[in-house]
Amino acid sequence: MKEQTGCCHKTKERTEKEYKNLINRLNRIEGQIRGIKKMVENDSYCTDILVQVSAVNAALNSFNKVLLSNHIRTCVAKDIREGKEETIDELVFTLQKLMK
């Protein structure tokens, strides 16, 4: 992870494989969302929409698991090796937000 100059946000360079995997997952989720919108526009039955929303939630959770795993294996491990203990606090805070 590197600091952007003139900004307080961190960035991360991802491998081509990791990038493609994340983008593909997001594209599928985006398609699912568009499908749900179309279902609402077409007055689909509530439970049918709810099932699709549940599928989107599962897809987002799966995306989070992949992203979190990559984050821990790369950014967090690197920072801990470099003695940046504040990264552990950041990880704990992130996990708490994900578990709401």
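Calculation criteria
Residues numbered from 1 in each chain as written. Predicted model: local features only at pLDDT ≥ 70, side-chain atom pairs only at ≥ 80, totals over all residues. Heavy atoms only, no water. Core = buried A, V, L, I, M, F, W, Y, C linked by side-chain atoms within 4.5 Å. Buried < 20%, exposed > 50% of the residue type's maximum accessible area, 1.4 Å probe, protein only. Helix = DSSP H or I, 4+ residues; strand = E, 2+ residues; numbered from the N terminus. 1 Å grid on protein atoms, 1.4 Å probe; cavity = no way out; pocket = protein on both sides within 12 Å on 5 of 7 lines; lining within 4 Å. Points joined across faces, edges and corners; volume = space filled by probe spheres on them. Nonpolar A, V, L, I, M, F, W, Y, C, P; charged D, E, K, R; others polar. Salt bridge = Lys/Arg side-chain N within 4 Å of Asp/Glu carboxyl O.

Trainee: Please provide a residue-by-residue account of the nonpolar core, values included.
Mentor: Listed in full, the nine residues of the largest apolar core are Leu 22, Ile 29, Ile 36, Met 39, Ile 49, Val 56, Ala 59, Phe 63 and Val 66. Looking at this core, the elements with two or more residues in it are helix 1 (16–41) and helix 2 (46–81). It is helix 2 that contributes the most residues to this core, five residues altogether.

Trainee: Could you give an account of the environment of Asp 48, with specific residues and numbers?
Mentor: Topologically, Asp 48 is positioned in helix 2. Relative accessible area serves as the criterion here: at 42%, Asp 48 is assigned to the partly exposed category. When the C-alpha positions of Asp 48 and Leu 60 are compared, they lie 19 Å apart, and in sequence the two are twelve residues distant.

Trainee: So what's going on with the layout of surface pockets? Which residues, and what values?
Mentor: In this structure, the largest pocket occupies an estimated 300 Å³ of space. What lines the largest pocket is simply Lys 12, Arg 14, Glu 18, Asn 64, Leu 67, Leu 68, Asn 70, His 71, Glu 90, Leu 91, Thr 94 and Leu 98. Elements with a contribution of two residues or more to the lining of the largest pocket: helix 2 and helix 3 (86–98). The leading source of residues in the lining of the largest pocket is helix 2, at five residues. Partitioning the lining of the largest pocket into residue classes produces four nonpolar, four polar and four charged.

Trainee: Lay out the pattern of salt bridges in plain terms, naming residues and giving numbers.
Mentor: Per the stated rule, a full pass over the model turns up eight salt bridges. A salt bridge links Glu 90 to Lys 10, with the nearest nitrogen and oxygen atoms 3.4 Å apart. Taken together, the residues Glu 90 in helix 3 and Lys 10 in strand 2 (residues 10–11) connect sequence positions 80 residues apart. Look at Glu 90 and you get partly exposed, because its relative accessible area is 31%. By relative accessible area, Lys 10 is classed as partly exposed at 38%. A salt bridge links Lys 84 to Asp 79; the nearest nitrogen and oxygen atoms lie 4.0 Å apart. When its relative accessible area of 33% is taken as the criterion, Lys 84 is described as partly exposed. For Asp 79, a relative accessible area of 6% puts it in the buried group. Through salt bridges with shared partners, a single network forms among Lys 78, Asp 79, Glu 82 and Lys 84.

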